[in-house]
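Residue-level listing of the chains:
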Amino acid sequence: MRQARADEYAEFAAARAGHLYRSACLLTAGDTHLAEDLVQETLGRLYVRWRRVSRVDNPAAYAQTVLTRAFLAHQRRRSSTERATDVLPETAAAASDSLLRLTLLDALGQLPAKDRAVVVLRYWEDRSIQETADAMDTSSAAVRTRCVRALARLRDLLGEDIGAYATP
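Bear in mind the structure is a predicted one, so any value in this text is a computation, not a measurement.

J.: Could you give me a rundown of the nonpolar core, with the residues and numbers involved?
T.: A general feature of soluble globular proteins is that nonpolar side chains tend to end up buried together. Judged by nonpolar contacts, the single largest core of 40 residues is most densely connected at Leu-43, Leu-46 and Phe-71. Of all the secondary structure elements, the ones that give two or more residues to this core are helix 1 (2–27), helix 2 (32–48), helix 3 (50–53), helix 4 (59–81), helix 5 (99–109), helix 6 (113–124), helix 7 (129–136) and helix 8 (140–158). Counting residues per element, this core draws most heavily on helix 1, at 8 residues. Setting aside chain neighbours within four positions, we find Leu-46 in contact with Tyr-9, Phe-12, Val-53, Tyr-62, Ala-63 and Val-66.

J.: Let's hear about the pattern of salt bridges: which residues, and what values?
T.: Applying the stated criterion across every chain, the model contains 3 salt bridges. Between Glu-41 and Arg-45 there is a salt bridge whose closest N-O contact spans 2.4 Å. One end of the pair is Glu-41 and the other is Arg-45, both in helix 2 and 4 residues apart, which spans about a single turn. Here Arg-45 falls in the partly exposed class, since its relative accessible area comes to 31%. Note that Asp-115 and Arg-149 form a salt bridge whose closest N and O atoms lie 3.9 Å from each other. Taken together, the residues Asp-115 in helix 6 and Arg-149 in helix 8 connect sequence positions 34 residues apart. Among the charged side chains, a network of salt bridges with common partners joins Asp-115, Arg-146 and Arg-149.

Procedures and definitions
Residues numbered from 1 in each chain as written. Predicted model: local features only at pLDDT ≥ 70, side-chain atom pairs only at ≥ 80, totals over all residues. Heavy atoms only, no water. Core = buried A, V, L, I, M, F, W, Y, C linked by side-chain atoms within 4.5 Å. Buried < 20%, exposed > 50% of the residue type's maximum accessible area, 1.4 Å probe, protein only. Helix = DSSP H or I, 4+ residues; strand = E, 2+ residues; numbered from the N terminus. Contact = heavy atoms within 4.5 Å. Salt bridge = Lys/Arg side-chain N within 4 Å of Asp/Glu carboxyl O.

The values reported here are purely geometric and, on their own, carry no functional implication.
Here it is as C-alpha cells:
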C-alpha cells in the first residue's frame, strides 16, 4: 500500500511540476532559482501530507495553494533577513526572451508580493476571486482591492501602449 501511494505521488508530481514552476516563475518575477526552491518546498509539503491530499477533490488546486502560501511566507521571511544591493551578478542573456516578456516580468517584480500573487492567481491561473482568497487565506474583498490596485500599478508601469513591446 505504501508503494502504491508513493507511485501515485510520483505520477502527480511529475505531471504538475512544470505548471507549478511556471506559476512560481511569475510569482517571483522571473527569479528561476527561487521558483525552483518554491516548487521543491511545495512538492515536499505535498509528499508529507499525500495521504490526505490525494483524497481532496482537486489536488492540483491544493498544490497551487501550497505554492502561493510558500511564496508569501518566503516574502515575509526575506524582508527581515535579506538586503537588496545595487550590484547584480553577471547573467547570460536568454536568446528566446522577448522584450515583452522581460518588460512584464520586470513590472510584476515591482509589485508588492501579495499584489503579485493576486495577479498571478487571478489572471495566470484563471481563478475566481473566492478561490484566490482561499489560496491566500484572506477575504474576497481584499482580493478585489488588491486586483484593482495591482492592475492600476501595472498600467502605470507599462504605460498605455503595451503593444509596442510585442514583436511583429
